[in-house]
Amino acid sequence: VQYESDQVFLDPDNLTASLNYDEHWFLTPTAGLSYRNEDWDFFAAGQYIYDSQLQYIQVDNMGDPLLASEVGAHLTAALLQWTDLWGTDLGFSLFGITGVIEPSGSITPTLTWTPWDYVQLETSATWSFGSNYTPFGQSADFVWEISLSLGSGKF
């Protein structure tokens, strides 16, 4: 639950005007399931999300809005994760999120190597898809990341 929002929302009936959501509550309900198998070092999770602050907007080359939807979007997400693959220090995960009604989303496979306690090297690639009026379609089509973590991250 969130009260008010920093986002600017366009009025679907008048795309040159914005809607005023001062003194407005935003709800983001979610429901999910998870499964863990410690013998296989496997974890899976699925989740449904309703984000009441998402709005789909298409803009033309001049930056003017062409299309806007009502505020709110239905999303699903899934995570598959294996640690200690084949008894090694390697881990693999696959995360995906997509709109239920809107054909957009992203997929992120991640490979993790933990050679010593408190040292982790990770690389991931994210592919985003969707039309340019969806939040995922407005992000980069492909992002590759590499990270190195030293320490436990706790003080």
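Report on the accompanying structure. All values derive from a computational prediction rather than experimental measurement.

**Observations concerning the environment of Ala44**
Line of reasoning, step 1. For Ala44, the position within the fold is in strand β6 (residues 42-51).
Line of reasoning, step 2. Residues Ala44 and Ser93 lie 49 residues apart in sequence; the distance between their C-alpha atoms is 9.5 Å.
Line of reasoning, step 3. Setting aside chain neighbours within four positions, we find Ala44 in contact with Leu33, Ser34, Tyr35, Leu79 and Leu80.

**Some thoughts on the packing of aromatic side chains**
Line of reasoning, step 1. One pass over the structure, following the stated rule, counts 5 aromatic pairs.
Line of reasoning, step 2. Ring geometry for Tyr3 against Trp25: centres 4.8 Å apart, planes inclined by 55°, an arrangement best described as tilted. Remark: Trp25 occurs in strand β4 (residues 25-26) and Tyr3 occurs in strand β1 (residues 2-3); sequence separation between them is 22 residues.
Line of reasoning, step 3. Under the relative-accessibility criterion, Tyr3 is labelled partly exposed at 40%.

**Things to note about the side chain of Thr112**
Line of reasoning, step 1. Looking at the secondary structure, you find Thr112 in strand β11 (residues 105-116).
Line of reasoning, step 2. Here Glu122 takes part through its side chain, which lies 3.4 Å from a polar atom of the side chain of Thr112.
Line of reasoning, step 3. Discounting residues that sit within four places of it in the chain, Thr112 has contacts with Asp89, Leu90, Gly91, Gln120, Leu121 and Glu122.

**Considering the side chain of Ser124**
Line of reasoning, step 1. With respect to the secondary-structure elements, Ser124 resides in strand β12 (residues 119-129).
Line of reasoning, step 2. With sequence-adjacent residues up to four places away left out, Ser124 is seen in contact with Thr108, Pro109, Thr110, Val143, Trp144 and Glu145.

**Thoughts on a nonpolar patch on the surface**
Line of reasoning, step 1. A contiguous nonpolar patch, built from Leu90, Leu111, Trp113, Leu121, Trp127, Phe142, Trp144, Ile146, Leu148 and Leu150 and spanning about 1100 Å² of accessible area, is present on the exposed surface.
Line of reasoning, step 2. Of all elements in the fold, only β11, β12 and β13 (142-150) reach the threshold of two or more residues within the nonpolar patch.
Line of reasoning, step 3. Here the nonpolar patch gets 5 residues from one element, more than from any other, and that element is β13.
Line of reasoning, step 4. Tracing the sequence through the fold places Ile146 in strand β13.

**Examining the pairing of strand β5 (residues 30-37)**
Line of reasoning, step 1. The pairing of β5 with β6 spans 8 bridges and is classified as antiparallel. Bridge pairing links Leu33 to Gly46 in β6.

**Thoughts on the environment of Leu121**
Line of reasoning, step 1. Assignment of secondary structure puts Leu121 in strand β12.
Line of reasoning, step 2. Spatially, the C-alpha atom of Leu121 lies 9.7 Å from that of Leu90, the residues being 31 residues apart in sequence.
Line of reasoning, step 3. In this structure Leu121 touches Leu111, Thr112, Trp113, Ile146, Ser147 and Leu148, once residues within four positions along its chain are discounted.

**Some thoughts on the nonpolar core**
Line of reasoning, step 1. Judged by nonpolar contacts, Ile49, Leu54, Ala73, Leu75, Ala77, Ile97 and Phe136 together constitute the single largest core of 7 residues.
Line of reasoning, step 2. Here this core takes 3 residues from strand β9 (residues 73-82), the largest share from any one element.

**Some details on the sheet that holds β5**
Line of reasoning, step 1. Taking strand neighbours across the sheet as the criterion, the 7 strands line up as β5-β6-β9-β10-β11-β12-β13 in an open arrangement whose pairing is antiparallel. The outermost strands of the open sheet, each flanked by one partner alone, are β5 and β13. For this sheet, the mean inter-axis angle between neighbouring strands, taken without regard to orientation, is 10°.
Line of reasoning, step 2. In this structure, β12 lies alongside β13, joined through 9 bridges in antiparallel fashion. Its bridge partner lying in β13, Gln120 is registered against Ser149.

What counts, and where the lines are drawn
- Residues numbered from 1 in each chain as written.
- Predicted model: local features only at pLDDT ≥ 70, side-chain atom pairs only at ≥ 80, totals over all residues.
- Heavy atoms only, no water.
- Helix = DSSP H or I, 4+ residues; strand = E, 2+ residues; numbered from the N terminus.
- Contact = heavy atoms within 4.5 Å.
- Phe/Tyr/Trp six-rings, centres within 6.5 Å; stacked < 30°, edge-to-face > 60°.
- Buried < 20%, exposed > 50% of the residue type's maximum accessible area, 1.4 Å probe, protein only.
- Polar contact = N/O pair within 3.5 Å; in protein donor to acceptor, adjacent residues only side chain to side chain.
- Patch = residues over 30% accessible without salt bridge, like charges linked within 9 Å, V, L, I, M, F, W, Y side chains within 5 Å.
- Areas by Shrake-Rupley, 256 points an atom, 1.4 Å probe, with all protein chains shown as cover.
- Salt bridge = Lys/Arg side-chain N within 4 Å of Asp/Glu carboxyl O.
- Pairing = 2+ DSSP bridges.
- Core = buried A, V, L, I, M, F, W, Y, C linked by side-chain atoms within 4.5 Å.
- Axes fitted to C-alpha atoms, helices over the stretch in contact; angles between N-to-C directions.

From the geometry alone we can't say anything about function, so treat these as descriptive.
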